[in-house]
Amino acid sequence: MRISIDAPRDNDKRFRLFLPVPLWIARLRFIWRFLPEESRQYAPVAAELVRALKKYKRENGSWNLVEVDSRDTHMEIRI
């Protein structure tokens, strides 16, 4: 999964962030301790979800989970 952000700054420059996040990180049990209580209910199905996402990606290629375009900012989360 990749998170990319391209946004303006005050000094006429651009803020660009490219952050690769591996999907397998959701399968690590200790990660779920740091999430809010209401999110922990999904921990038991995380491994199954990661397997399903990887299978879908193998069959269909990469796809955008979130893509936001505003007047001067572009944000994208790509699986």
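Structure shown above.
Let me begin by describing the structure that accompanies this report. (Residues numbered from 1 in each chain as written. Predicted model: local features only at pLDDT ≥ 70, side-chain atom pairs only at ≥ 80, totals over all residues. Heavy atoms only, no water.)

## Overview of the overall build of the chain
Next up, step 1: On a plain count of helices and strands, the chain comes out with one helix and four strands.
Next up, step 2: Along the chain, helices (α) and strands (β) appear in the sequence β-β-α-β-β when read from the amino end.
Next up, step 3: At 16 Å, the chain has a C-alpha radius of gyration far larger than the 12 Å of a compact globule built from 79 residues.
Next up, step 4: Overall, the C-alpha framework of the chain stretches about 45 × 35 × 15 Å when taken along its three principal axes.
Next up, step 5: Sequence-distant contacts, at least 24 apart, represent 34% of the contacts inside the chain between residues at least 6 apart.
Next up, step 6: Put simply, the chain shows about 6,500 Å² of open surface, and 56% of that area lies on carbon and sulfur atoms. (Helix = DSSP H or I, 4+ residues; strand = E, 2+ residues; numbered from the N terminus. Rg over C-alpha atoms; globule rule 2.2 N^0.38 Å. Contact = heavy atoms within 4.5 Å. Areas by Shrake-Rupley, 256 points an atom, 1.4 Å probe, with all protein chains shown as cover.)

## Here we look at the packing of aromatic side chains
Next up, step 1: Inspection of every chain in the model, using the stated rule, returns one aromatic pair.
Next up, step 2: On the basis of an interplanar angle of 90° and a centroid distance of 5.8 Å, the ring pair of Tyr56 and Trp63 is categorised as edge-to-face.
Next up, step 3: Judged by its relative accessible area of 41%, Tyr56 falls in the partly exposed class.
Next up, step 4: Note on Trp63: relative accessible area 25%, which makes it partly exposed. (Phe/Tyr/Trp six-rings, centres within 6.5 Å; stacked < 30°, edge-to-face > 60°. Buried < 20%, exposed > 50% of the residue type's maximum accessible area, 1.4 Å probe, protein only.)

## Here's the deal with the pattern of salt bridges
Should the charged atoms of two oppositely charged side chains come close, the side chains can pair.
Next up, step 1: Scanning the entire structure with this criterion turns up three salt bridges.
Next up, step 2: Measuring nitrogen to oxygen at the nearest pair gives 3.4 Å for the salt bridge that ties Asp6 to Arg16. Within this pair, whereas Asp6 is found in strand E1 (residues 2-8), its partner Arg16 is found in strand E2 (residues 14-20), the two being separated by 10 residues in sequence.
Next up, step 3: A residue is classified by how much of its surface remains accessible, and Asp6, at 21% relative accessible area, is partly exposed.
Next up, step 4: Judged by its relative accessible area of 62%, Arg16 falls in the exposed class.
Next up, step 5: Arg40 is paired through a salt bridge with Glu37; the nearest N and O atoms lie 3.0 Å apart.
Next up, step 6: Overall, the relative accessible area of 57% leaves Glu37 in the exposed class.
Next up, step 7: Through salt bridges with shared partners, a single network forms among Asp6, Arg14 and Arg16. (Salt bridge = Lys/Arg side-chain N within 4 Å of Asp/Glu carboxyl O.)

## Considerations on a positive patch on the surface
Next up, step 1: On the surface, Arg27, Arg51, Lys54, Lys55 and Arg58 cluster together into a positively charged patch.
Next up, step 2: Secondary-structure assignment places Lys54 in helix H1 (residues 46-60). (Patch = residues over 30% accessible without salt bridge, like charges linked within 9 Å, V, L, I, M, F, W, Y side chains within 5 Å. Lys, Arg positive; Asp, Glu negative; His and termini not counted. Charge placed at Lys NZ, Arg CZ, Asp CG, Glu CD.)

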